[in-house]
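This is what each chain is made of:
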Amino acid sequence: MPLQCSVLLVSKNDTDGTGDGVTAAGGSNDIVVEWKVNDPVEDTTFLPGPTADIPFKGKTYIEDSLKTTRKDAANDGDDNCPNNNNYGQRKSNGHYFRTGDKLKPYTSEEKKDRVFSKVYVQQSGNSPKDGTTGILFRGSYIAGDNYSLEARIYLEDNDKDNKIKALHEQFFGTPFNEKFIAESGMFTLWRKQHVTAVVNWPDPGRAIRWNDVASQYRLAHCELDPATVEYKITDLLLTDADKQAYLNLVRRHYGYAMADMSFDENGLYPRTIRPQGPTETPGDYEDEIYDTVEGFSDGPNSSRFLDDLSELLFEKVRILRPAGAIVLRPNWCREYIIKDPADPTYSQPYIPAYYCYGGSNGMVLMDNPMTVDEQDGFLFGHEIGHCRFLLHHETDGTGSDNPDEHDTNDHNCIMCYPDGIASRPGLTWNKGDSEEPRLCGKCILKMRGWDNTDNRLPASS
Ligand SMILES: [Zn+2]
Ligand SMILES: [Zn+2]
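Remember, it's a predicted structure, so these values are computed and weren't measured experimentally.

### Structural notes on the domain arrangement of the chain
Each assigned domain of the chain is listed with its residue range as follows: domain 1 (8-188) and domain 2 (191-388). A separation of 52 Å is found between the C-alpha centroids of domain 1 and domain 2. On the domain 2 side, the residues contacting the five residues of domain 1 number five residues. Counted by class, the side of domain 1 that touches domain 2 contains two nonpolar, three polar and no charged residues.

### Side note on the pairing of strand β6 (residues 114-118)
Covered by surrounding structure in β6 are Val115 and Ser117 only, the residues Arg114, Phe116 and Lys118 on the alternate face being uncovered. Across four bridges, strand β3 (residues 32-38) lies against β6 in antiparallel orientation. Residue pairing across strands places Trp35 opposite Val115, the latter belonging to β6. Examined bridge by bridge, strand β5 (residues 108-111) and β6 share four bridges and lie antiparallel to one another. Note on β6: the bridge partner recorded for Ser108 is Ser117.

### Topic: the nonpolar core
Counting 62 residues, the largest nonpolar core has Val199, Leu313, Ile326, Leu328, Leu439 and Cys443 as its most contacted members. Counting residues per element, this core draws most heavily on strand β13 (residues 191-201), at five residues. Looking at which domains feed residues into this core, each of domain 1 (8-188) and domain 2 (191-388) supplies at least three. In this structure, Trp35, Tyr96, Phe97 and Phe176 belong to the second largest nonpolar core, which totals ten residues.

### Concerning the packing of helix α4 (residues 210-218) against helix α9 (residues 376-387)
The interhelical angle for the contact between α4 and α9, taken along N-to-C directions, is 60°, at an axis separation of 8 Å. Judged on the interaxial angle alone, α9 and α4 are oblique. Crossing handedness for the pair α4 and α9: right-handed. Here Asp212, Val213, Ser215 and Gln216 of α4 lie close against α9, whose contacting residues are Asp376, Gly377, Phe380, Gly381 and Ile384.

### Examining α9
Its twelve residues place the ends of α9 16 Å apart at the C-alpha level, agreeing with the 16 Å of an ideal helix rising 1.5 Å per residue. With respect to burial, α9 is a largely interior element, nine of its twelve residues being buried. Considered for burial, the residues of α9 that qualify are Gly377, Phe378, Leu379, Phe380, Gly381, His382, Glu383, Ile384 and Gly385. At its buried positions, α9 is contacted by β13, α4, β16 (325-330), β19 (357-358) and β20 (363-365).

### Some remarks on the pairing of strand β18 (residues 343-350)
For β18, the buried fraction is low: zero of the eight residues fall into the buried class. Alignment of strand β17 (residues 336-340) against β18, held across five bridges, turns out to be antiparallel. Across the sheet, Asp340 pairs through a bridge with Asp343, a residue of β18. What sits between β17 and β18 in their antiparallel hairpin is a turn of two residues.

### Observations concerning unusual backbone geometry
Working note: non-glycine residues mostly have negative phi, and peptide bonds are mostly trans. Of note, the bond from Trp201 into Pro202 is cis; its omega dihedral lies within 30 degrees of zero at 0°. If you trace the backbone, Pro202 turns up in the loop between β13 and α4. Phi is positive for Asp113, close to 75°, though the residue is something other than glycine. Despite not being glycine, Asn361 shows a phi value in the positive range, around 65°.

### Focus: helix α6 (residues 240-254)
Across its 15 residues, α6 extends 21 Å between first and last C-alpha, which sits within 8% of the 21 Å expected from 1.5 Å per residue. At the C-terminal side of α6, Gly255 shows a positive phi close to 75°.

What counts, and where the lines are drawn
- Residues numbered from 1 in each chain as written.
- Chains lettered and ligands numbered in written order.
- Predicted model: local features only at pLDDT ≥ 70, side-chain atom pairs only at ≥ 80, totals over all residues.
- Domains from an automatic or database assignment.
- Contact = placed C-beta atoms within 7 Å.
- Nonpolar A, V, L, I, M, F, W, Y, C, P; charged D, E, K, R; others polar.
- Buried ≥ 20, exposed ≤ 12 C-beta atoms within 10 Å, placed from the backbone.
- Helix = DSSP H or I, 4+ residues; strand = E, 2+ residues; numbered from the N terminus.
- Pairing = 2+ DSSP bridges.
- Core = buried A, V, L, I, M, F, W, Y, C linked by C-beta atoms within 7 Å.
- Axes fitted to C-alpha atoms, helices over the stretch in contact; angles between N-to-C directions.
- Parallel < 35°, antiparallel > 145°, perpendicular 65-115°, else oblique.
- Left-handed = near helix turned anticlockwise from the far one by under 90°.
- Expected span 1.5 Å × (residues − 1).

Written out as structure tokens, the structure is:
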């Protein structure tokens, strides 16, 4: 608050007080400032409206949710995440501050939910206008919550202070409480999603379009901090002992004999696949590869195996990069060259594709053959979304898998599979398509930190 006070002492013989006076830095009593938190109206103008290709309903849903859950229906603001929904708002004004002497040299106190701090005069400079005060403010952890702070010079309601107030009002012509007040600008909470490293097993030769992923998350006040380093798997599993640790892990989950396995820097599957038979058609041999590796990629032990694999990789990555998700880009097995016994000129590479996976420790597995066609904004956004606890919406053409978690009227949620949305047959979210998914309103709220299953929220837009 840009407020300064100069105290000038005049001689007691100066009957009308018009003399120059003498500067007296210590001549004023303690000045007390009262603090208040305001919750201004949330600005939703940055959320786009729906278009034919991108029928985004999040703006309507968020605006409706803020209206139905705000603290005081008569007040336009007070629309931060409610206290009884994941502890968004604090119970009362006093709970927003940490009072006492935690912010030395300033001291503050709470009296019946009102918060005060004393203006502290810096001793060092002895400047006559050198008073400052400060307060520790505690907002919520919910992204999108916004605040402004109000500081006001406080005088008590007693004869002495009322006299001072009256003198000020007489001099400035404004009520005391309106004159000595300052409000901060509005600040809004954002969350950050760190992706710390990309691990290639092997490098698929495609850059990730991080901008497309980040622009999805921005709708939820989440700033995506993309990976700035890429590792080859052999950078992490460098020594023979590291590679052996991987093989041990495979043996533990799948029971393969150690003699049948060797570490393959071109894919996760550590066994060899029999060669193509002299009369075997391309289709038959591709099926053979697919079925063989499927027992590994998609067997009953696979998710436990991937959990342990994420531990193994994190152990290596964390030494250099302490926080954030890992994006693992693997082939499930190495590439095989397929021949056609009926056509000597035929020679096609083949890598089977199974699924992508957002797993424990924030490890995201992006199946290399699957990232060829589908939009990065969709596929990476969806899988990293799983690591942020987002669940599936429409995936198999029979409606929502988790209707409590999604806006059930939104058929464009990033947590869908495009071919699983019954109302939009033939839909794809491939690179180059004008159609794109977005987070639905409930996914946005969950990513912001709300409990999106709260039944006070609208079920749909
Ligand atoms: Zn999924
Ligand atoms: Zn959703």
